[in-house]
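Fold and contact review
The primary structure of each chain is shown beneath.
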Amino acid sequence: MRPAGVAGVASALAAALLLAPALPTGGTGTAAAAECTWQRQAKRVVKRVKREGRPRRVVRVKRWWSCRPAAVQPVPMPASVPVPEHQPAPDPEPEPETGPARLSVKAQEFSFTLSRPNLPAGEAIVELNNQGEDPHDLNLQQEGSEEPPLAVPEAGPLEHRTAKFDLPAGTYRLWCSLPQHDEWGMNATLTVTGPG
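Attention here is on the structure that accompanies the text.

Rules and cut-offs
Residues numbered from 1 in each chain as written. Predicted model: local features only at pLDDT ≥ 70, side-chain atom pairs only at ≥ 80, totals over all residues. Heavy atoms only, no water. Helix = DSSP H or I, 4+ residues; strand = E, 2+ residues; numbered from the N terminus. Buried < 20%, exposed > 50% of the residue type's maximum accessible area, 1.4 Å probe, protein only. Contact = heavy atoms within 4.5 Å. Core = buried A, V, L, I, M, F, W, Y, C linked by side-chain atoms within 4.5 Å. Patch = residues over 30% accessible without salt bridge, like charges linked within 9 Å, V, L, I, M, F, W, Y side chains within 5 Å. Areas by Shrake-Rupley, 256 points an atom, 1.4 Å probe, with all protein chains shown as cover. Salt bridge = Lys/Arg side-chain N within 4 Å of Asp/Glu carboxyl O. Lys, Arg positive; Asp, Glu negative; His and termini not counted. Charge placed at Lys NZ, Arg CZ, Asp CG, Glu CD. Phe/Tyr/Trp six-rings, centres within 6.5 Å; stacked < 30°, edge-to-face > 60°.

Along the protein chain, the regular secondary structure elements total 1 helix and 11 strands. Mapped from its N terminus to its C terminus, the protein chain presents α and β elements in the order α-β-β-β-β-β-β-β-β-β-β-β. Counting the 196 residues in the protein chain, one finds 22% classified as buried. Taking all contacts inside the protein chain whose residues are at least 6 apart in sequence as the whole, residues at least 24 apart take part in 55%.

What follows is the structure in structure tokens.
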């Protein structure tokens, strides 16, 4: 005589087997599952268990059905009206700079840092920004020129001084004229480009 638990499992298995023929056995499924291709899957499962105090290996085969999406037929797209090719607008002509060019020179012990390495020829505003602890000034002279240097007045610690100059094209040497500052590295080079 079988225990009641085993009989229940047996009846559940019998019911599952009766339903199995209703599942598709390959190919496309029923109308409700037209988007699927049903495939039967199987996997070998190995478990290690202890029975009667000894380790045993139990091998079972697990089976199931899986739905793989069927290949979808492409839907034809309606003919579209051709869109004219977009041509980028031509780059606008660069607008001429309004006003003079600007150059900021940061002074610290004992170096100059220029805000830009070159300027266009013509009118320029030069600003000396002293961020050091000592006073500094700024002199500009075109290389090879016999003219006296252009000068931005001395600025104390954390002060600003500005001056406006007309700079022709060329290479300019910048330096601090206070004693020993130029020798200690407080100088720089500026290039002025354009007609001049």
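Turning to the nonpolar core, a few remarks are in order. Ranked by size, the top nonpolar core spans 25 residues in total, and within it V105, F112, L138, L174 and L190 carry the most contacts. Elements with a contribution of two residues or more to this core: β3 (101-108), β4 (111-114), β6 (122-130), β7 (136-142), β8 (150-155), β9 (160-167), β10 (170-175) and β11 (187-193). Looking at this core, the element that brings in the most residues is β3, giving 4 residues.

Taken together, K43, K47, R51, R54, R56, R60 and K62 make up a surface patch of like positive charges. When residues of the positive patch are assigned to their parent elements, the largest contribution, 4 residues, is made by strand β2 (residues 54-69). Within the secondary structure layout, R60 lies in strand β2. R60 gets classed as exposed once you look at its relative accessible area, which sits at 53%.

A few words now on the environment of G122. Inspection of the secondary structure assignment puts G122 in strand β6. Placed 22 residues apart in sequence, G122 and P100 show a C-alpha to C-alpha distance of 7.5 Å. Leave out the neighbours within four places in its chain, and G122 touches F165, D166 and L167.

What follows concerns the packing of aromatic side chains. Per the stated rule, a full pass over the model turns up 1 aromatic pair. A ring pair is formed by F110 and W184, whose centres lie 5.0 Å apart and whose planes are at 70°; its orientation type is edge-to-face. Residue F110 is found in the loop between β3 and β4, and its partner W184 is found in the loop between β10 and β11; the two are separated by 74 residues along the sequence.

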